[in-house]
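Working through the structure, step by step
One letter stands for each residue in the lines below.
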Amino acid sequence: MYKYVLRRMFLAVPVLLLSSLIVFGLMRVMPGDALTVLMGESGNISEKELAKVRKELRLDLPYYQQYGLWLWQMMSLRPGDSLLTGEPITVSLRKAIPVTLELAALAMVLGLVIAIPIGVLSATRQDTASDYAGRVVAVSGLSFPDFWLGTLVITFAAIWFHWIPPIGYTSLWDSPWRNLQQFLLPAAVLGFRLSAATMRMTRSTVLEVLREDYVRTAWAKGLAGRIVVYKHALKNALIPVVTVIGGQLGVLLAGAVVIETIFALPGMGRLTVEAILYRDYPVVQTNVMLVAATLVTLNLLVDLTYAWLDPRIRYS
Amino acid sequence: MPTQDPKGTYSGVSRRQFLRRAGGTAVGLGALALSRPISKAAAQGASPYTEWIPANTKAPKRGGTLTRASAWDPPMLDPRLTQSVGLYQFAGLTSNRLVRYAFPDEASGAGDMSLKGDLAESWSASPDNRVWTFKLRQGVKWQNVAPLNGRELTSADIKYCFEAYAKEGVQTFNFKEIEGIETPDKYTVRLHMQTPNVFVAHALAEPISIVFSREVLEEDGDLKKRLIGTGPFVLKEHTRKVRAVLRRNPDYWDKGRPYLDEYIILMTPDDATRKAAFRAGQADFVWMASPSEVEAIRKTNPSASVQAYHNSAVFFGLAMSQDKPPFNDVRVRRALSMAIDRQKQVDTVFEGHGILGWGVPYMYFQEKPLTAAQFGPWWQYKPAEAKKLLAEAGHPNGFSTTLFYYEYWPQMTSQVQLVQAELKKNLNIDVKITKLDYTTYYGRYVESKWEGLCWGFQSGHAVGLDERTYQYMHSKSTKNFFRVNDPQIDELTTKLRQTPDPKEQRAITKRIVDREFDQVARLWMPYDNGFIVAQPFVRNHASIALRRTDGYGSPHIARVWLDK
């Protein structure tokens, strides 16, 4: 197993290198310049001043040198400062990552709490009212866009209950109760969307597994329905579901910018999008590489989970 | 299909049955929805809301926290490097200027443009308006925060600050007009200007002309992280994308003020969330663009107070590359102007609560906002005449051009599309629209090398007449984004800043505006008027012309109090 893990980590290197080239290249190709926005709000950008700042920030170097410099910074875990704010990127990440992690974790938990039971119920009661209800919920989750659902939720919470989650992020350690209030609704909105795909996949795989011979044998032996479904069928049905969950978790960890914007949470999504809009090259590049590394790691963890779920799967 | 569960019984609804029932329900719900009358909240005639909320006559109460959900979040705190409203929504409270405009509780009305002393008690100009002397208040202290530690403000601080503004950043153009600064004593600052300028005090009263500290700049090398001033509030916390917390400065020189203990700005980028925050009581005042939004809020918050704000100028319009064909021909510019129905934009996009659009604040040349007739012949909607004029200019079959813009708010896209449709219909001008992200738009716009059309802007912060005329319209000014290049306007704007008599100033300003309209030098577009909506216990929060309390007019918050 450890050889497999080492091999996968070794293979991650070219993936990450390619990602770094793509993100670096794309940011340079995009029109517009961080310095223009930074310095020119009154139109007083003299070429001399721009050149001076460009030199200070080493943006006057040839691209290959800039790339090399940045790569070295990344490898030595010193990604530098934001062009826009001057804040060290590590500081910005230290503020944004916990928000995104918490939102992702809560959304995932809520999503699974909705998806798995409903998916199983739908499969075991196929073509009944509960099955149709579950499928309607799943299709709704897939159809409703984040921004629409989030806006509806916050607007109607204010109209009906004169309450919305407290605005102004508070960390879990400062005030757990306020933090929970801030995260519950956005996590529920995100979780609802995530649960849709998971629900459908769960239903589909459970239906397939329920038709297997060994399950028929279990029924024939007179085992209780709950034991047949949850102990025998579900574990095997979960392998494709874990793949879906892994992909969703990766997307969540990249940052849910729409939900973060609506609920005023300062997570990775907003950080990255703002950096893209303002051409804050170091921030975008660092964030993208972080997400790439996270996804590579997640994929590996998902693969390792298969082995736990299905003892027949062994890596060498 | 109905399934057979392991116990061997059929159960459930078939797919066909389900679809029939679901379809029937959907049709029923649809019919129900359509049968309800859709009420259109279109303001017809005068707004039912007051235009001015005078200062409350009760004795102000001290204490309490004022909270606002804000769309703006400054990328940095350095006033040399940004003029963004995101910074000045609170920098105007941490810091003072030498001079300021009247606050709502001192103002005679929404159009009051009188100057008051801020850090300066008095000021005077030499007869040729080249030397300006400011007498500082004595005993003004910097906030009791390291490294200033509450020391007294002196004339040396002002000199340092103004020289720093002139040296680098976005305000160099203004401050480079100062040839030299003298500080004959601790409380006297004397500015020697390069050329005569009667508006020096007004320039120093601009919201962005705050006085910052030498010690912070020298220690940090910049002002990006710390904002320490002499203002009524101390910046206790600024967490990007989260909040700014300001606490009362106990050593503020204006004794007894501010009334509030605290002012918290919650960075809330989403408009629906800001409104929800107001409904839920998490925000104490909020800006709204349209009457229908106000009516919706008042359904849940009937006791909210509403001020119908009236803009005295607009900030956006069609900028034309008028140094190049075809827009260098005044007949083409006039034709475009006559082919656009501005009133329609006011009625549809802004639900009747908007202004037709002009660039110089009206109170500098007349008492009341402009009527449609006062714009002159080239600004009336006359598509047939427009077509004739365009033909005379050599374009009987129209032409193709481009327009780029950034969507500052959703209404702008509607306006851009209306203009595109009208230019096509009335003049056969094909306008290819490109919507850009902020950085690309901004960079292209201020570079001033673009061709065709642009939905351009003049800066939103400027209150003073000099800024709105000379700075934005003189052909040599680096802020002349509309690329105005008219010798008469150059001459008049230069003359204006050398004219001390107020009556003559008004007359010259009127001539500048008339010339601008005649030459269609800047093709202004309608703009919303908007509303300030506040919780019923907020007092003295009214917004004045060009100084919205939630934006560049933030210094007003020093006079706000909570009646609860």
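Residues numbered from 1 in each chain as written. Chains lettered and ligands numbered in written order. Predicted model: local features only at pLDDT ≥ 70, side-chain atom pairs only at ≥ 80, totals over all residues.

Brief notes about the overall build of chain A
For chain A, the count of helices and strands is 13 helices and 0 strands. Seen in sequence order, chain A has helices and strands lined up from the N terminus as α-α-α-α-α-α-α-α-α-α-α-α-α. Of the contacts made within chain A by residues no fewer than 6 positions apart, 72% connect residues no fewer than 24 positions apart. (Helix = DSSP H or I, 4+ residues; strand = E, 2+ residues; numbered from the N terminus. Contact = placed C-beta atoms within 7 Å.)

Let's talk about the overall build of chain B
Looking only at helices and strands, chain B has 16 helices and 24 strands in total. The C-alpha atoms of chain B give a radius of gyration of 27 Å, which matches the 24 Å a tight globule of 564 residues would have. When its C-alpha atoms are laid out on the principal axes, chain B stretches across 100 × 70 × 45 Å. Counting all 564 residues of chain B, 51% fall into the buried class. (Rg over C-alpha atoms; globule rule 2.2 N^0.38 Å. Buried ≥ 20, exposed ≤ 12 C-beta atoms within 10 Å, placed from the backbone.)

Describing the interface of chain B and chain A
When the parts of a complex come together, some accessible area is lost, and that lost area is often taken as the interface size. Across the boundary between the two partners, chain B contributes 50 residues, which contact 44 residues of chain A. Listed by contribution, the elements that provide at least two residues to the side of chain B that touches chain A are helix H4 (172-175), strand E12 (262-267), helix H7 (271-279) and helix H13 (438-447) of chain B. Class assignment for the residues of the side of chain B that touches chain A results in 23 nonpolar, 18 polar and 9 charged. (Nonpolar A, V, L, I, M, F, W, Y, C, P; charged D, E, K, R; others polar.)

Comments concerning the nonpolar core
Core analysis: the largest hydrophobic core is formed by 236 residues, its most contacted members being Leu103(A), Leu246(B), Tyr263(B), Ala335(B) and Val533(B). A total of 15 residues in this core trace back to one element, the largest contributor, which is helix H5 (residues 89-124) of chain A. Those residues within four positions of Tyr263(B) in sequence are excluded, and the remaining contacts are Leu66(B), Leu93(B), Phe233(B), Leu246(B) and Ile557(B). (Core = buried A, V, L, I, M, F, W, Y, C linked by C-beta atoms within 7 Å.)

Brief notes about the sheet that holds strand E8 (residues 178-185) of chain B
Hydrogen bonding along the main chain pairs the strands of a sheet, whether they run parallel or antiparallel. Residue and element names in this part refer to chain B. The 4 strands are arranged E6-E7-E9-E8 in an open sheet whose pairing can be described as antiparallel. Looking at strand neighbours, the two that pair on one side only are strand E6 (120-125) and E8, the edges of this open sheet. Across this sheet, the average inter-strand angle for adjacent strands is 20 degrees, counted without regard to direction. Pairing analysis gives 5 bridges linking strand E7 (residues 131-136) to strand E9 (residues 188-193), with the strands arranged antiparallel. The partner of threonine 133 across the bridge, within E9, is arginine 190. Running at roughly 170 degrees to E8, helix H3 (residues 155-167) makes contact with E7, E8 and E9 of the sheet. (Pairing = 2+ DSSP bridges. Axes fitted to C-alpha atoms, helices over the stretch in contact; angles between N-to-C directions.)

Considering helix H8 (residues 291-300) of chain B
All names here are of chain B. Of the residues making up H8, those classed as buried are Pro291, Val294 and Ile297. Taken around the axis of H8, the buried residues stretch over an arc of 125 degrees, which confines them to a single face. Summarising the contacts, the buried residues of H8 are in contact with H7, strand E13 (285-288), strand E14 (305-308) and strand E22 (531-534). (Arc of directions from axis to C-beta.)

Remarks on the sheet that holds strand E19 (residues 453-457) of chain B
Residue and element names in this part refer to chain B. The mixed open sheet is built from 5 strands, whose spatial order is E18-E17-E19-E15-E20. Pairing within the sheet leaves two strands with one partner each, and these edge strands are strand E18 (430-435) and strand E20 (523-524). Note that strand E15 (residues 316-320) and E20 share 2 bridges and pair antiparallel. Across the sheet, residue leucine 318 finds its bridge partner in E20, namely leucine 523. Packed onto the sheet, helix H12 (residues 410-427) meets E15, strand E17 (400-405), E18 and E19 and runs at close to 165 degrees relative to E18.

Here's the deal with the environment of Arg240(B)
Following the sequence through the fold, Arg240(B) ends up in the loop between strand E10 (233-239) and strand E11 (243-248). Through-space distance from the C-alpha of Arg240(B) to that of Pro74(B) is 7.5 Å; in sequence the pair is 166 residues apart. Residues contacting Arg240(B), with those up to four places away along its chain left out, are Thr85(A) and Asp73(B).

Considerations on the confidence of the model for chain A
In this model, chain A carries a mean pLDDT of 87, and residues with pLDDT of at least 70 account for 95%. Looking at the elements of chain A, mean pLDDT is at its lowest for helix H2 (residues 34-39) of chain A, recorded as 67, and at its highest for helix H7 (residues 146-161) of chain A, recorded as 94. (pLDDT = per-residue confidence, 0-100.)

So, the packing of helix H12 (residues 268-277) of chain A against helix H13 (residues 281-309) of chain A
Residue and element names in this part refer to chain A. Axis separation between H12 and H13 bottoms out at 8 Å; the angle between their running directions is 140 degrees. Comparing the axis directions of H12 and H13 gives the class oblique. In this structure, H12 crosses over H13, and the sense of that crossing is left-handed. Of the residues in H13, those touching H12 at Met268, Leu271, Thr272, Ala275 and Ile276 are Val283, Val284 and Asn287. Residue composition of the contact of H12 with H13, by class: 6 nonpolar, 2 polar and no charged. (Parallel < 35°, antiparallel > 145°, perpendicular 65-115°, else oblique. Left-handed = near helix turned anticlockwise from the far one by under 90°.)

So, H12(A)
Residue and element names in this part refer to chain A. Of all the 10 residues making up H12, 8 are buried; the element is thus mostly covered by neighbouring parts of the structure. Where H12 is buried, its residues touch H5, helix H10 (225-254), helix H11 (257-262) and H13. Of the residues flanking the end of H12, it is arginine 279, one or two places downstream, whose phi is positive at about 55 degrees.

Some words on the pairing of E10(B)
As a general feature of sheets, a regular strand has side chains that alternate between the two faces. Residue and element names in this part refer to chain B. With 6 bridges joining them, E10 and E11 adopt antiparallel strand pairing. Across the sheet, residue threonine 239 finds its bridge partner in E11, namely arginine 243. Connecting E10 to the antiparallel partner E11 that follows it, the hairpin turn spans 3 residues, and lysine 241 within it adopts a positive phi of roughly 65 degrees.

Topic: the confidence of the model for chain B
Here chain B averages 90 in pLDDT, and 92% of its residues register 70 or above. Note on residues 1-11 of chain B: pLDDT under 50 across the span, and 15 contacts to partners over four residues away in sequence or across chains.

Points about unusual backbone geometry
Residues and elements named next belong to chain B. The step from arginine 257 to proline 258 runs through a cis peptide bond, and the omega angle for that step is 0 degrees. Turning to its location among the elements, proline 258 is positioned in the loop between E11 and E12. Residue proline 326 is reached from proline 325 by a cis peptide bond, and omega for that bond is -5 degrees. Along the chain, proline 326 falls in the loop between E15 and helix H9 (330-338). Phi at lysine 241 is positive, roughly 65 degrees, even though this residue is not glycine.

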